[in-house]
Amino acid sequence: MADEIILLDLWASMLGMRVRVALAEKGLKYEYREQDLRNKSPLLLEMNPVHKKIPVLIHNGKPICESLIIVQYIDEVWYNKSPLLPSDPYQRAQARFWADYTDKLYELGRQLWLTKGEEQETAKKGFMECLKLLEGELGDKPYFGGQNFGFLDVALVTFSCWFFAYESFGNFSVEAECPKLVAWSKRCMEKESVSSSLEDPLKIHGFVIMMRKELGVE
Amino acid sequence: MAEEVKLFGSWASPYTSRVKVVLKLKGIEYENVEEDLSNKSPLLLKYNPIHKKVPVFLHHGKPIAESLIIIEYIDETWKHNPILPIDPYDRAMARFWAKFIDEKIQPAVWKTLLAGENEREAAIEEAHQLLKTLERELNGKKFFGGESLGFLDVAGNVVVWLEVSQEALGMNLLDKEKFPILHEWCQRVLDDDAFKQVMPPKEKLLAFTRARFEAFLGPK
């Protein structure tokens, strides 16, 4: 029986993109359903009643929520193609630890484009500290997963298409502070699974302009 | 060999306790390093520079931080008596609910404790709703893990600790009339052999909880 895979997502969400990258890495066909978070669909509310958020993966009718949990699920079910988590338990633990850490970028990034003045400066500082630590974790490896693109690469790379928006509103340069990270993100973009899943940074920038207007940020 | 396995933790930390329960369930010998959280050891700070918290697990000299990540590591390294479910979907559900406990329930419980007069009722209502949502997941089972303790029961220890220690805070958040199923589950967990051996004595926990909150909020 063919697998039925549906992804409830929002085009601009870097968390949703993580799932898209994972699905592409595994060469899986799925149905993408764009969600309107201002007017949540009955399906979204049924499949994620607890958080009512995207992304939600629906595999043969059963929902899985939370992007990193979804990516691990995908990796475990379709384990014989492009494994994302390393096989060594210690390296797996490190990948999970740092992947959870990347989640901090979501809220810090939001504060970057939602706030001004001192609040924004604090968010910017926190954001850059996170990126620097992650850059340190990358070291001289081509990918966080070592020679191969892996779980932590998936977790972080989707934020890279948001860098331009963060930089514009936060008035800083990721490349100036974390050149190795930017080089890594370009390396990842050479992969079809990444380039086909990440959105155009200019479009993301436009999305943020729209969100700021909607939320009344001057 | 016990000397290869070390756990840096605190007797008063439910997160440390989670790891201890799993080590007990798997019969793994380890060296327990008790940390004074008001005066963290250089070794702890070296092994967990990012979060500087307990527990930290050391195996063959390599550190792992974050209780749930440590538990997954232990489960993958010592494969007998598996803690996580075998089926990927069940694993995803266990991880989802463990995250819900840590990221939703715990902060909500704290909020009720720290809330001012005006916000307390709303904070309590929110915590109650979250606890109800968790309770529904038991769905007639003895434990979240089924017939025996599993990953989510271990992660749920913070709820058990709340039930035990709430009287020290003069509150009844986990009211057994409101949450009969969760209350019964707590009793079953408290009765479990491994859990019993690891749980700090009730009076010690109550005294610690009381003192900690008086330091925070002033005497009640």
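Bear in mind that the values here come from a model prediction, so they are computed numbers and not experimental data. Here the residue numbering is sequential within each chain, running from 1 through the sequence in written order. Whichever chain is written first becomes A and whichever ligand is written first becomes 1, with later ones labelled in order. pLDDT decides what is reported in this predicted model: residues at 70 or higher carry local features, side-chain atom pairs at 80 or more are listed and counted, and totals for whole chains, interfaces and linings draw on all residues regardless. Side-chain descriptors were evaluated using all non-hydrogen atoms of the structure, hydrogens and water having been removed beforehand.

Enquirer: Whenever I open this one, the overall build of chain B confuses me. Can you help?
Expert: Working definition: helices are DSSP H or I runs of at least four residues, strands are E runs of at least two. Numbering for both runs from the N terminus. Along its length, chain B carries 10 helices and 4 strands. Shown N-terminal to C-terminal, the secondary structure of chain B runs as helices and strands in the order β-α-β-α-β-β-α-α-α-α-α-α-α-α. Throughout, radius of gyration means the C-alpha value; the globule benchmark is 2.2 Å times the number of residues raised to the power 0.38. The globule rule puts the C-alpha radius of gyration for 220 residues at 17 Å, and the 17 Å found for chain B is close to it. Its C-alpha atoms give chain B principal-axis dimensions of roughly 50 × 40 × 30 Å. Only protein chains enter the calculation, and the probe is 1.4 Å; a residue is then buried if its accessible area is under 20% of its type maximum, exposed if over 50%, and partly exposed in between. Residues classed as buried in chain B amount to 52% of the 220 residues present. Pairs of residues are marked as contacts when any of their non-hydrogen atoms sit within 4.5 Å. In chain B, once contacts between residues fewer than 6 apart in sequence are set aside, the share between residues at least 24 apart is 69%.

Enquirer: It is not clear to me how helix α4 (residues 89-102) of chain A should be interpreted in this structure. Could you clarify?
Expert: Since the α-helix packs 3.6 residues into each turn, any two residues three or four apart lie on the same face. Residues and elements named next belong to chain A. With 14 residues, α4 extends 20 Å between its outermost C-alpha atoms, agreeing within 8% with the 20 Å of an ideal straight helix rising 1.5 Å per residue. With 11 of its 14 residues buried, α4 lies for the most part within the structure. Of all the positions in α4, only Y90, R92, A93, Q94, A95, R96, F97, W98, A99, Y101 and T102 are classed as buried. Under the rule applied, a polar contact is a pair of N or O atoms within 3.5 Å (in protein, one hydrogen donor and one hydrogen acceptor; residues adjacent in sequence only if both atoms are side-chain atoms). Of the residues that open α4, the one with a side-chain oxygen 3.2 Å from the backbone nitrogen of Y90 is D88. Take the residue count of a helix, subtract one, and multiply by 1.5 Å to get its expected span.

Enquirer: Before we go on, may I ask you to explain the pairing of strand β3 (residues 56-59) of chain B in this structure?
Expert: Strand residues, when the strand is regular, have side chains that alternate between the two faces of the sheet. All names here are of chain B. Of the two faces of β3, the one holding V56 and L58 and the one holding F57 and H59 are both buried throughout. Here, strands pair whenever DSSP counts at least two bridges between them. As judged from the 4 bridges shared by strand β1 (residues 5-9) and β3, these two strands associate in the antiparallel manner. Across the sheet, residue L7 finds its bridge partner in β3, namely F57. Where β3 and strand β4 (residues 62-65) come together, 4 bridges link them in antiparallel fashion.

Enquirer: Any chance you could explain the side chain of A:E25 here in plain terms?
Expert: Its place among the elements puts A:E25 in helix α1 (residues 14-25). Residue contacts for A:E25: discarding those within four places in its chain leaves A:K81, A:S82, A:L84, A:F149, A:K191 and A:S193.

Enquirer: Explain the pattern of salt bridges here, please?
Expert: Side chains that carry opposite charge are capable of pairing whenever their charged atoms lie near each other. For salt bridges, the criterion is a side-chain nitrogen of Lys or Arg within 4 Å of an Asp or Glu carboxyl oxygen. A complete count under the given rule lists 26 salt bridges over all chains for this structure. The salt bridge partner of A:R92 is B:E76, with a shortest N-O separation of 2.9 Å. Note that A:R92 is positioned in helix α4 and B:E76 in helix α3 (residues 67-77), a pairing that runs across two chains. Classification of A:R92 as buried rests on a relative accessible area of 16%. Where B:D75 meets B:K26, a salt bridge forms, and the shortest distance between an N and an O atom there is 2.6 Å. With B:D75 in helix α3 and B:K26 in the loop between α1 (14-25) and β2 (31-34), this residue pair connects regions lying 49 residues apart in the sequence. For B:D75, a relative accessible area of 10% puts it in the buried group. The buried category is assigned to B:K26, whose relative accessible area is 4%. One network of salt bridges, in which partners are shared, links A:E76, A:R92, A:R96, B:E72, B:E76, B:R91 and B:R95.

Enquirer: Just to check I follow, could you spell out the interface of chain B and chain A for this structure?
Expert: Accessible area lost on assembly of the parts is the figure often given for the size of an interface. Contacts between the two partners involve 24 residues from chain B, matched on the other side by 24 residues from chain A. In this structure, the connection of chain B to chain A is made through 7 salt bridges. One salt bridge connects A:E76 with B:R91, and the closest N-O pair in it is separated by 2.9 Å. Where chain B touches chain A, the interface holds 9 residue pairs in polar contact (both at pLDDT 80 or more). Sorting the residues of the side of chain B that touches chain A by element identifies β4, α3 and α4 (88-114) of chain B as the ones contributing at least two each. At 11 residues, the largest contribution of residues to the side of chain B that touches chain A is made by α4(B).

Enquirer: I would appreciate a short explanation of the packing of aromatic side chains in the present structure.
Expert: Aromatic ring pairs: the centre-centre distance and the angle between the two ring planes describe each pair. Think of it this way: a Phe, Tyr or Trp ring, Trp meaning its six-membered ring, pairs with another when their centres are within 6.5 Å, and the plane angle makes it stacked under 30 degrees, edge-to-face over 60, tilted otherwise. Taken as a whole and judged by the stated rule, the model has 19 aromatic pairs over all chains. On the basis of an interplanar angle of 85 degrees and a centroid distance of 5.1 Å, the ring pair of A:F144 and A:W184 is categorised as edge-to-face. You can see A:F144 sitting in the loop between α6 (117-138) and α7 (151-157) and its partner A:W184 sitting in helix α10 (residues 179-189), a full 40 residues away along the chain. By way of ring pairs, the aromatic residues A:W11, A:F127, A:W162, A:Y166, A:F172 and A:F207 are connected into one cluster. The ring of B:Y89 carries A:K62 above its face, with NZ or CZ at 4.5 Å from the centroid. The cationic tip of B:K204 hangs over the ring face of B:W11; the distance from NZ or CZ to the ring centre is 4.3 Å. As a reminder, the over-ring test applies to NZ of lysine and CZ of arginine, requiring each to be within 6 Å of the ring centre and within 35 degrees of the ring normal.

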